[in-house]
Amino acid sequence: MRGMASSRAPQVVLADDDVLLREGVASLLARSGFEVVGQAGNGTELLALARSARPELAVIDIRMPPGHGTEGLTAARVIREELPGTAIIVLSAHVEVNEAMDLLAGGERLGYLLKSRVTDVAEFIDTVKRITAGASVVDPSLVQELVRARRRRDPLDVLSPRERQVLALMAEGASNAGIAQRIFVTEGTVEKHVRSILTKLDLPESETDHRRVLAVLKFLEAR
Amino acid sequence: MNAPETGADGTNATGAGAARNSPDQARLRRLADQQAALRRVATLVAGGARPAEVFTSVADELGHLIGAEATFVSRVDVSSPGRGGPGPPGSPAADPSGGRREAERHMTVVGSYGRVRDEVPIGFRTRLQPGMASNAAIQTRHSARINGEELANGPFGAIVGKLGMRAAIATPIVVEGRYWGVTVAATSRADFPAGTESRMADFMELAATAIANAQADQELRELADTQAALRRLATLIARGEPPEAVFAATTREALWHFGHGTARMIRYEPDGTATLLANEGSTGPHVRAGKPWEGYSPTGLTATVLRTGRAVRVDDYRGVPGGEPYLREGLRSAVGMPIHVNGRLWGMIAIGSGEGPLPPDTEQRMTQFTSLVATAVTNAQNRADLMTSRARIVAAADETRRRIERDLHDGTQQQLVSLILELRMVEATVPAGLGELRSKLSRLAERLAGVSDQVREISHGIHPAILSSAGLRPALRALGRRSAVPVDINVRIDRRLPEPVEVGAYYVVSEMLTNAAKHARASVVAVDAETSGGTLRLRVRDDGTGGASPLRGSGLTGLKDRIEALGGMFSLHSPEGGGTAVCCELPVPEGGQPGAGHGQ
Ligand SMILES: Nc1ncnc2c1ncn2[C@@H]1O[C@H](COP(=O)(O)OP(=O)(O)O)[C@@H](O)[C@H]1O
Ligand SMILES: [Mg+2]
């Protein structure tokens, strides 16, 4: 697997029909240690580009010509199939849980983010690097929507406020270390919280962070 | 019949033989018989007997009074020429554009007694012709007698010969000052005694009252029947039943009230063809309801009504070229009534009879039915027009919302994001010494990001992209998650529905959730949606305060409009204190493509 371990800059392809925005993201990535090896304006161009460039990362706008629907998601599926080593980030103006689960079902090193996240430059670059390195990431606003949804008999009622916070970070794709850093506790404490959450919600222990994201998302969606 | 005991007989204790033979006694006795006969007829009428029974009883009593072996009572009608009135038996469909014809009289037997019962049954109808006693009676307005050769060679010669009748007397029946009909008596004796004419006339004059009563009764009943039928049909139309149902019901009623065999509704199509919309009664291979009506004769009803736009009758299909299929299905005569819609000939109702020509007032009585059909058709057309225009308005509004959403999404929001991105780049290039400027730029970028979030929310509210991309189920679940009141959602739809239906259902749920949060103080909202048998059923109910009134706002009214524009049904149930429920049913084509089912 190629990745951040290699000494040279990771290669990226970009797909978005909005040229201005695409160029903006390209220059941002270029300044942040990536090599942008190609840009595409629609799904078909993207596939051709990905097949020839075989990049480490593809950053894809979900809504592109010709249908302005979920062409990006379809392209991501094909790339995952043909080039499983390529990390993929799908950007969308709206985040919907069904799209997130659809994408993440494809495996690890996948990200589903609100497009406006790119303007939070440092955080965006950090997320991109995490994904390229193996994490699966779901936009925090989507997770917030899932966690905040009001339920009459809410299974989340068994969790403490701190545990809820940890659950949300798990769903966003943070590792235990990442969670520890975010909520200013030790990794050991996070592990305790995670075990308690899994027991209370009757969720299976997951071998990878990616599986953990999927399991939590699924639980929250069905809640 | 048995002449009852009369006072004249009973009081004569002595010299009975002589007394009976005196002319006075004979007159008295006849008078008493007559009185008794009339009393019996009057009793029948008072008991609500059917007119045929009354008329038959009149014929019966008359026969006994004057010693006739065969009697019948018949109604006489005059057809005015030029109205498509009855033609002579065997004539083809009357051509209303044809020249003036002589006024013709027909008689229709309404009561019959004795040996003529089989030969001249009730309903028997024939044209009055010279050589008939009835014709002479009607023309002279006095009793007329025919006997011997004249009778044997007359129009009734065959029947008269068969029954062995040798003399006949006809007497006009005048009811309420109008010539109503004629009664005919016949005998197998050489002739009736002298004076029989006046005895007949006396009796018929008195019986006329009974006849008038019976007839009035009959007409009243028919009127009531017809009114009831018209009311039933009008109710169907007012309820907005589909025109097909109205057509079928009208055809059924037309057969019941006017036909003696069949009733049909035929629509003239713009391309010159005709369609059989409904059929009741007799049938044949040429009768295929819902299918083109073809192979009809150019001189028959369908062609003639189409050509003339007027009522047309056939008095005997044997005289109509191409009339064979109708004869084979047992029809003898028919009337076709045009149906005009908005001044255009739309179709016709035809009724047929297996007996003689249809009564002359058939056309006039049927006009009320045809105008109801016209109303039903106009209503249906207006409704269809209204529906299309409402659907068009809703579709146009939805299209506009989609376009605005697209513009915001692909235009405004993208530009905002790239602007912020650029601002961030500029921020990054600010020299370390200019910390103040850098933080100002940063704040600017954050504020712009806030604007971008707002635009996203607005565009989502205008048209939820997820609805088009993923369908109703994920869209409703997303709505539920964003609701301020907890929502139980149960969606059993496994395929994509037509876009207007999905959008309509989405807005119903969206508005109901907003209302539940805004007005209801509800603790939970239940949303159930399922498709079955070509219908989407959607139910949204909250457990709040109830008492919702569409008049106080615009949301609920808008929903009702939208759902009805899609040909659906919308109902609101919101009793004070009993929560609020909305039920919708929307027609959706069966089958369809399986949807992108996500989630559970
Ligand atoms: N779920 C509800 N429970 C109680 N009252 C309601 C509910 N929905 C609507 N209403 C009442 O009916 C009125 C009309 O509702 P609506 O047509 O949606 O208009 P709006 O919400 O804009 O006022 C509301 O103003 C409110 O008084
Ligand atoms: Mg409202």
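The preceding data block contains the structure.
Below you will find a few notes about this structure.

Calculation criteria
Residues numbered from 1 in each chain as written. Chains lettered and ligands numbered in written order. Predicted model: local features only at pLDDT ≥ 70, side-chain atom pairs only at ≥ 80, totals over all residues. Heavy atoms only, no water. Contact = heavy atoms within 4.5 Å. Buried area = accessible area lost by both parts, 1.4 Å probe. Salt bridge = Lys/Arg side-chain N within 4 Å of Asp/Glu carboxyl O. Donors = N, O, S within 2.8 Å, 3.2 Å for Na, K, Ca; no water. Helix = DSSP H or I, 4+ residues; strand = E, 2+ residues; numbered from the N terminus. Buried < 20%, exposed > 50% of the residue type's maximum accessible area, 1.4 Å probe, protein only. Pairing = 2+ DSSP bridges. Axes fitted to C-alpha atoms, helices over the stretch in contact; angles between N-to-C directions. Parallel < 35°, antiparallel > 145°, perpendicular 65-115°, else oblique. Nonpolar A, V, L, I, M, F, W, Y, C, P; charged D, E, K, R; others polar. Near = heavy atom within 4 Å. Polar contact = N/O pair within 3.5 Å; in protein donor to acceptor, adjacent residues only side chain to side chain. Core = buried A, V, L, I, M, F, W, Y, C linked by side-chain atoms within 4.5 Å. Domains from an automatic or database assignment. Phe/Tyr/Trp six-rings, centres within 6.5 Å; stacked < 30°, edge-to-face > 60°.

1. Re the interface of chain A and chain B
At the junction of the two partners, chain A supplies 35 residues and chain B supplies 38 residues. Taking both partners together, chain A and chain B bury about 3,200 Å²; carbon and sulfur atoms supply 53% of that area. Among the residues chain A hides against chain B, the three largest losses belong to Arg63, His94 and Thr119 of chain A. Together they make up 21% of the total. In this structure, the connection of chain A to chain B is made through eight salt bridges. With a shortest N-O distance of 3.1 Å, glutamate 145 of chain A and arginine 481 of chain B are connected by a salt bridge.

2. Brief notes about the coordination of the magnesium ion (ligand 2)
Residues and elements named next belong to chain B. Taken together, the protein ligands of the magnesium ion (ligand 2) are Glu511 (OE) and Asn515 (OD1), with distances of 1.9 to 2.0 Å. With glutamate 511 and asparagine 515 both in helix α17 (residues 499–520), this residue pair falls four residues apart, about one helical turn. With a relative accessible area of 12%, asparagine 515 lands in the buried category.

3. A few points about the sheet that holds strand β16 (residues 580–587) of chain B
All names here are of chain B. Spatially, the five strands line up as an open sheet ordered β12-β13-β14-β16-β15, and their pairing is mixed. The outermost strands of the open sheet, each flanked by one partner alone, are β12 (487–492) and β15 (569–573). Between one strand axis and the next, the sheet turns through 5 degrees on average, direction left out of account. For strand β13 (residues 525–532) and strand β14 (residues 535–542), the ladder comprises eight bridges, and the chain directions are antiparallel.

4. Let's talk about the pairing of β16 of chain B
Look at any regular strand and the pattern is simple: side chains alternate between the two faces of the sheet. Residue and element names in this part refer to chain B. Here eight bridges tie β14 to β16, and the two strands are oriented antiparallel to one another. What sits directly across from leucine 536, in β16, is leucine 586. Bridge count for β15 against β16 is five bridges, and the pairing is antiparallel. Pairing of methionine 569 across the sheet is with glutamate 585, part of β16.

5. Some thoughts on the packing of helix α10 (residues 243–257) of chain B against helix α13 (residues 362–429) of chain B
Packed helices, taken two at a time, are described by their axes: the angle between them and the distance between them. Residue and element names in this part refer to chain B. Viewed as axis vectors pointing N to C, α10 and α13 meet at an angle of 175 degrees, and their least axial separation amounts to 10 Å. As judged from the angle between their axes, α10 and α13 are roughly antiparallel. Two secondary-structure elements touch here, α10 through Pro243, Val246, Phe247, Thr250, Glu253 and His257 and α13 through Arg365, Phe369, Val373, Ala376, Val377 and Ala380. Residues of the contact of α10 with α13, tallied by class, amount to eight nonpolar, two polar and two charged.

6. Section: the site of ligand 1
Residues and elements named next belong to chain B. The local shell around ligand 1 holds 16 residues, among which Glu511, Asn515, His519, Asp542 and Leu556 are the closest. Here arginine 552 contributes a side-chain N or O atom positioned 3.2 Å from an oxygen atom of ligand 1. Contacts to ligand 1 include threonine 580, whose side-chain N or O atom sits 3.3 Å from a nitrogen atom. Counting only elements with at least two residues in the shell around ligand 1, the list comes to α17 and α18 (555–565). Considering every element that reaches the shell around ligand 1, the biggest residue donor is α17, with five residues. Partitioning the shell around ligand 1 into residue classes produces three nonpolar, nine polar and four charged.

7. A word on the nonpolar core
Within the largest apolar cluster, 55 residues are counted, with the highest numbers of intra-cluster contacts made by Ile60 and Leu220 of chain A. At six residues, the largest contribution of residues to this core is made by helix α7 (residues 161–172) of chain A. For this core, the domains that each give at least three residues are domain 1 (11–138) and domain 2 (142–222) of chain A. Filtering out sequence-adjacent residues up to four positions away, leucine 220 of chain A remains in contact with Leu146, Val147, Leu156, Leu167 and Ala171 of chain A. Ile466, Leu479, Tyr506 and Val588 of chain B belong to the second largest nonpolar core, which has 38 residues in total.

8. What about the side chain of arginine 424 of chain B?
Within the fold, arginine 424 of chain B resides in helix α13. Those residues in contact with arginine 424 of chain B, other than ones at most four positions away along the chain, are Thr119 and Val121 of chain A together with Ser442, Ala445 and Glu446 of chain B.

9. Quick look at the packing of aromatic side chains
For any pair of aromatic rings, the description consists of the separation of the ring centres together with the inter-plane angle of the planes. All names here are of chain B. As enumerated under the stated definition, the model contains six aromatic pairs over all chains in all. Note on phenylalanine 258 and phenylalanine 369: the rings are 5.2 Å apart at their centroids and 85 degrees apart in plane angle, and the pair reads as edge-to-face. Of this pair, phenylalanine 258 sits in the loop between α10 and β7 (261–268) while phenylalanine 369 sits in helix α13; the two residues are 111 residues apart in sequence, bridging distant segments of the chain.

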